[in-house]
Amino acid sequence: MGYIYEAMDRAKEAIAKVFDGNIAKYKDIFKIIDERWQCQLHHPLHAAGHYLNPEYFYQNSAIENCREVTDGLYACIEKLIPRTAVQDKIISEIPLYTKAEQQFGLPIAKRSRTTRSPVEWWNLYGNSAPHLQKLAIRILGLTASVAGCERNWSVFEHIHTKKKETDWSIKD
């Protein structure tokens with residue numbers, strides 16, 4: 001779950017680079033991507049996974065202040081954690097993570113941000129924030145579904161079958 005959000009950002013950056021940053025050339029492509037992203041792929045879990053993935057969080061200081069990402073994190077906290085007392089504990093532990101304090105700031109933890117899976121990293125170095133650690137492992141341990149993509153390809157197959165192509169060519 002912690003990789004989807006970043007993958008979308010990187011894909012859009014790569015598209016922009018291919019067109020040398022000429023927005024006019026790729027704005028229609030971005031429109032299609034953004035429509036799919038909003039209706040099928042963008043969920044608070046993706047944003048929370050992005051925030052809690054140490055590889056991306058510590059490489060990009062803007063994540064901490066990105067409203068879309070933090071809104072997703074807070075939405076997940078409210079939805080996944082029913083008890084307000086536990087929600088408050090999680091919120092109070094977030095600064096330890098964001099400032100890389102206690103176990104998060106250990107040299108070995110810093111080196112491991114990019115070499116260990118996010119779940120393994122939280123298991124090893126999240127003990128100083130046990131409530132946040134439990135939430136992070138829960139979110140980052142989720143696997144992303146390809147159901148939306150499968151639906152897209154299923155529709156595509158129905159539109160572009162040999163039978164349809166034959167029917168079209170007869171009518172032309």
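Quick note: structure is the one above.
The structure contained in this document is the topic of the report that follows. All values derive from a computational prediction rather than experimental measurement. (Residues numbered from 1 in each chain as written. Predicted model: local features only at pLDDT ≥ 70, side-chain atom pairs only at ≥ 80, totals over all residues. Heavy atoms only, no water.)

**Quick notes on the environment of Asn53**
Reasoning step 1: Mapped onto the secondary structure, Asn53 falls in the loop between helix H3 (44-52) and helix H4 (54-59).
Reasoning step 2: On the accessibility criterion, Asn53 (1% relative accessible area) is buried.
Reasoning step 3: Expressed as a C-alpha distance, the spacing of Asn53 and Ser117, which sit 64 residues apart in the sequence, is 8.8 Å. (Helix = DSSP H or I, 4+ residues; strand = E, 2+ residues; numbered from the N terminus. Buried < 20%, exposed > 50% of the residue type's maximum accessible area, 1.4 Å probe, protein only.)

**Describing unusual backbone geometry**
Reasoning step 1: Even without glycine at this site, Asp20 takes up a positive phi of about 50°.
Reasoning step 2: By the element assignment, Asp20 lies in the loop between helix H1 (4-18) and helix H2 (23-41).
Reasoning step 3: Classification of Asp20 by relative accessible area gives exposed; the value is 72%.
Reasoning step 4: Positioned with a positive phi, Ala100 is a non-glycine residue whose angle comes to about 55°.
Reasoning step 5: If you trace the backbone, Ala100 turns up in the loop between helix H6 (84-98) and helix H7 (107-112).

**A look at helix H8 (residues 118-125)**
Reasoning step 1: Along H8, the residues classified as buried are Pro118, Trp121, Trp122 and Tyr125. Burial along H8 is one-sided: seen end-on, the buried residues are contained in an arc of 95°.
Reasoning step 2: Tucked inside the fold, the buried residues of H8 contact H3, H4, H6, H7 and helix H9 (130-140). (Arc of directions from axis to C-beta. Contact = heavy atoms within 4.5 Å.)

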